[in-house]
Amino acid sequence: MPQSSNLTGDINISSHQDHSYLRKLVAQLRQKVQKDVGTTTDASCKKILFYGANGYTASIILHFMSELDFPMNACVFAARNPAKLTEALVQHLGEKYGRVMVETFAATDKDVERVFAKRDYSVVLNCAGPFEETADAFIKHCASKGVSYVDITGEVSVFESVLQNPDLKSKIGNKKIVVMPGVGFDIVPSDSLLKSVTEEFEKKFGEKPNKLEVLISTGGNEHNDVAMSHGTKKTMLRGFASSAPVTRLDGKLQHPKEFVKDFKVKVKPDDTQTTTVRGSSIPWGDVSTGYFSTGVPNIHTYMPGIYPNETTAQALNSTLVSLLMRFLFALPFVLRFGEWCIENFSPKGPSENSRTTSRGVMLAEATSKDGSKEVKRMLYVPEGYHLTAQTALASTIRIALGDCKEWGPTTPSRTFGSDYIVNFDGCFFQEAE
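For the structure given in this document, a descriptive report is provided here. (Residues numbered from 1 in each chain as written. Predicted model: local features only at pLDDT ≥ 70, side-chain atom pairs only at ≥ 80, totals over all residues. Heavy atoms only, no water.)

Okay, the side chain of N298 next. Tracing the chain through its elements places N298 in strand β12 (residues 298–304). For N298, a relative accessible area of 7% corresponds to the buried category. Within the local environment of N298, its side chain forms a polar contact with the backbone oxygen of N210, the two atoms lying 3.0 Å apart. Apart from the residues lying within four places of it in its own chain, the contact partners of N298 are N210, K211, L212, R248, L249 and D250. (Helix = DSSP H or I, 4+ residues; strand = E, 2+ residues; numbered from the N terminus. Buried < 20%, exposed > 50% of the residue type's maximum accessible area, 1.4 Å probe, protein only. Polar contact = N/O pair within 3.5 Å; in protein donor to acceptor, adjacent residues only side chain to side chain. Contact = heavy atoms within 4.5 Å.)

Structural data, given as structure tokens:
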């Protein structure tokens, strides 16, 4: 029987993490800030704008910033709620809080314009979802002001609005900025994996694959201790109000024809045998970003443990059920009640134990049109939120340093290379059978 639970193992990621890659980047940023301050005033130096600095994922980023001696004068910390922002900064930065700059504003066109008029920024890191509501104003003003933009979204609609937007590309023009949503667990590791397996396929067969499929396990431990942040849950809740396509067929976003596929996976890197895992089709960001990163026209994303079989999947994704869900969750009071329940009755996110003992596993398969040619590759990573904090902070710093291979609307693997993910502790590729 195929497994339907999360792929779990007993590797303690925290036992061998020194965050050397992040430490190196923070040290480079510190040197840059010291150099800039030596040639101009601190107030006139371009800053990093860290928006949504009071959320769950942001709290982990703040922890890394404090632990790695991040130069606080290089950043402006911002959020909509001043009380929650202050509480988060005091809790996670401690005595360093007294040295930080803060802004409180909503992610509206008017407020973002006002904030951008007060000082110069090099890059915006947006951690405030749902990103369908917060990204637009930032991207608009970043493109016109020459400021780079990154966020930790997983929303396909946000990726499409950036990567398939000729007006945005035209507006950016020759400015050396990047607009790159998705610098967290969705989609840095899977984007690196898909780019990597595509490159290997091209190297082996001398042609581009016709189809990419990826199975994504977001992380768990031996106790199946898995949780999501409030922001992730709210985004999923809002997703029920739409019938967003969840796969890419012949270069276009469409609803999948099949919802379930079985994969052969080595759950742990040192396993000698594979385990059959049943994957269910999900709207992971790679159906948008993977197409941009690789040019492969057919991309399907899966996660374990949602649908027990194809019959159930087809029933739950029928037109009638989809219309009912869209109607129900489009009602404002239903959505507000759901969000209230999330805020008041659910954990803020995974426990510290889960973040330090869990890991994620991904399997990518690249195949030719007739199925006769195939390349498979696995990627092992730490727990999703733990990794998101690292990749988001690292991506932001690299952009602030100007260390990018590509500018404009782009993706992590095109900006930093297909091997970007292996810079982070606990992340490594392995060939699959």
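Now, onward.
On to the sheet that holds strand β15 (residues 408–409), then. With parallel pairing, 7 strands are arranged side by side in an open sheet as β3-β2-β1-β4-β5-β6-β15. Lying at the two open borders of the sheet, with one neighbouring strand each, are β3 (101–104) and β15. Relative to β3, strand β2 (residues 75–79) is paired through 4 bridges, and the arrangement is parallel. When the sheet's bridge partners are listed, A78 is paired in β3 with E103. On top of the sheet, helix α2 (residues 56–67) reaches β1 (47–51), β2 and β4 (121–126); it is set at about 145° to β1, its chief contact. (Pairing = 2+ DSSP bridges. Axes fitted to C-alpha atoms, helices over the stretch in contact; angles between N-to-C directions.)

As a further point, take the packing of helix α8 (residues 188–205) against helix α10 (residues 286–294). In contact at an axis separation of 10 Å, α8 and α10 are set at 40° when each is read in the N-to-C sense. In terms of orientation, α8 and α10 fall into the oblique class. Of the two elements, α8 crosses α10, and the hand of that crossing is right-handed. Seen from α8, the contacting residues are S190, D191, L194, K195 and T198; seen from α10, they are D286, T289, G290, S293 and T294. The class makeup of the residues in the contact of α8 with α10 is 1 nonpolar, 6 polar and 3 charged. (Parallel < 35°, antiparallel > 145°, perpendicular 65-115°, else oblique. Left-handed = near helix turned anticlockwise from the far one by under 90°. Nonpolar A, V, L, I, M, F, W, Y, C, P; charged D, E, K, R; others polar.)

Our next topic: the pattern of salt bridges. Between side chains of opposite charge, pairing is possible as soon as their charged atoms come close. For the structure on display, the rule yields 18 salt bridges. One continuous salt-bridge network, built from bridges that share partners, spans E213, K261, E365, E374 and K376. (Salt bridge = Lys/Arg side-chain N within 4 Å of Asp/Glu carboxyl O.)

With that out of the way, let us pick up the pairing of strand β5 (residues 148–151). Burial along β5 is two-sided: the residues S148 and V150 and Y149 and D151 are all buried. Pairing geometry for β4 and β5, over 4 bridges, is parallel. Across the sheet, the residue bridging to V124 is Y149, located in β5. Note: β5 against strand β6 (residues 178–180), 2 bridges, orientation parallel. Residue pairing across strands places Y149 opposite V179, the latter belonging to β6.

So, on to helix α5 (residues 131–145). Relative to the 21 Å expected for 15 residues at 1.5 Å per residue, α5 spans 20 Å between its end C-alpha atoms, a close match to the ideal helical length. Where α5 is concerned, the buried positions are F131, T134, A135, A137, F138, I139, H141, C142 and A143. Two residues or fewer after α5 comes G146, characterised by a positive phi angle close to 80°. (Expected span 1.5 Å × (residues − 1).)

Time to look at the packing of α2 against helix α15 (residues 384–400). Between α2 and α15, the shortest axis-to-axis distance is 9 Å and the interhelical angle comes to 60°. Taken as axis vectors, α2 and α15 run oblique relative to one another. Judged by the twist between their axes, the crossing of α2 over α15 is right-handed. Together, Y56, T57, I60, I61, F64 and M65 of α2 and Y385, H386, T388, A389, Q390, A392 and L393 of α15 make up the contact between the two elements. Looking at the contact of α2 with α15, its residues break down into 9 nonpolar, 4 polar and no charged.

We now examine the environment of L68. As for its position among the elements, L68 is in the loop between α2 and β2. Along the chain, L68 and L22 lie 46 residues apart, while their C-alpha atoms are 7.9 Å from each other. Aside from chain neighbours lying at most four places away, what touches L68 is L22, R23, V26 and R30.

Let us look at α2. Between its terminal C-alpha atoms α2 stretches 17 Å, which fits the 16 Å expected from 12 residues at 1.5 Å a residue. Within α2, 10 of the 12 residues are buried, which leaves it mostly tucked inside the rest of the structure. Those residues of α2 lying buried are Y56, T57, A58, S59, I60, I61, L62, F64, M65 and S66. Of the residues one or two after α2, D69 is the one with positive phi, at around 60°.

Distances and angles like these do not, on their own, reveal function.
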